[in-house]
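An overview of the molecular structure
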Amino acid sequence: MASPFSEPTTVPARGTARTTYLLVDGENIDATLGMNVLNRRPNPEERPRWDRITGFAQRVWGQDVVPLFFLNATNGQMPMSFVQALLAMGYRPIPLAASGDEKVVDVGIQRTLEAIADRDADVLLASHDGDFLPQIERLLDEDRRVGLLAFREFVNMQLAGLTTSGLEIFDLEGDVDAFTSPLPRVRIIPIDEFDPLRFL
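Summarised in this report is the structure supplied together with it. Because the structure is a prediction, the values reported are computed rather than measured.

What counts as what
- Residues numbered from 1 in each chain as written.
- Predicted model: local features only at pLDDT ≥ 70, side-chain atom pairs only at ≥ 80, totals over all residues.
- Heavy atoms only, no water.
- Pairing = 2+ DSSP bridges.
- Helix = DSSP H or I, 4+ residues; strand = E, 2+ residues; numbered from the N terminus.
- Axes fitted to C-alpha atoms, helices over the stretch in contact; angles between N-to-C directions.
- Contact = heavy atoms within 4.5 Å.

**Here we look at the sheet that holds strand 2 (residues 64-72)**
In spatial order, the strands read 3-2-1-4-5-6; together these six strands make up an open sheet with parallel pairing. Edge positions in the sheet fall to strand 3 (92-96) and strand 6 (168-171), since each of these pairs with one other strand and no more. With strand direction ignored, the average angle separating the axes of adjacent strands in the sheet is 20°. In this sheet, strand 3 lies alongside strand 2 in parallel orientation, the contact comprising five bridges. In the sheet register, F70 faces strand 3, and the bridge partner there is I94. Where helix 1 (residues 26-38) meets the sheet, it contacts strand 1 (19-25), strand 2, strand 4 (121-126) and strand 5 (146-150), and its direction lies at approximately 55° from that of strand 1. Lying on the sheet, helix 3 (residues 80-88) is in contact with strand 2 and strand 3; it crosses strand 2 at an angle near 175°.

**Some remarks on unusual backbone geometry**
For N39, which is not glycine, the phi torsion reads 60° and is therefore positive. Assignment of secondary structure puts N39 in the loop between helix 1 and helix 2 (50-61).

If you want it as structure tokens, here you go:
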């Protein structure tokens, strides 16, 4: 069976074969879902469907996707069943360990964003974290397509401000369709997206 990431689903908009790097800050997405949306630890069926996220990443700009999933493995353990599931969906798990109290996943993503700046590629970042602001600003300054996959209402305000510089924000639930059932969110809903059936 062919890899779903082997060919773009549409012709790339810029006329050349470009790559979209999908960087997933798994800790941040899971923590935001649990603490801010559900107010408890998410059950497995309530977590994002990571295969849907890669599918969206491939469709949104019509490019090949390299999906990277960053994990904190400082305790010396890896969630092997989850890692195997990620591998089966085409992700490249990146388990990182810190020697001190540094935010190891953030550091890993920052370094990866800096390395992408030297490539002819675009970026989709799944996170709400403002720690990536300098790297995102640099990519936007270099005329890259940069998107953020997140719950819109919890995006860092400085990151959200970069939409005037070209940053695209895609809502994980509304735009990406990453969940199998509606989440109990209280958020501002654009009238064009309002579905009264969700509230009846």
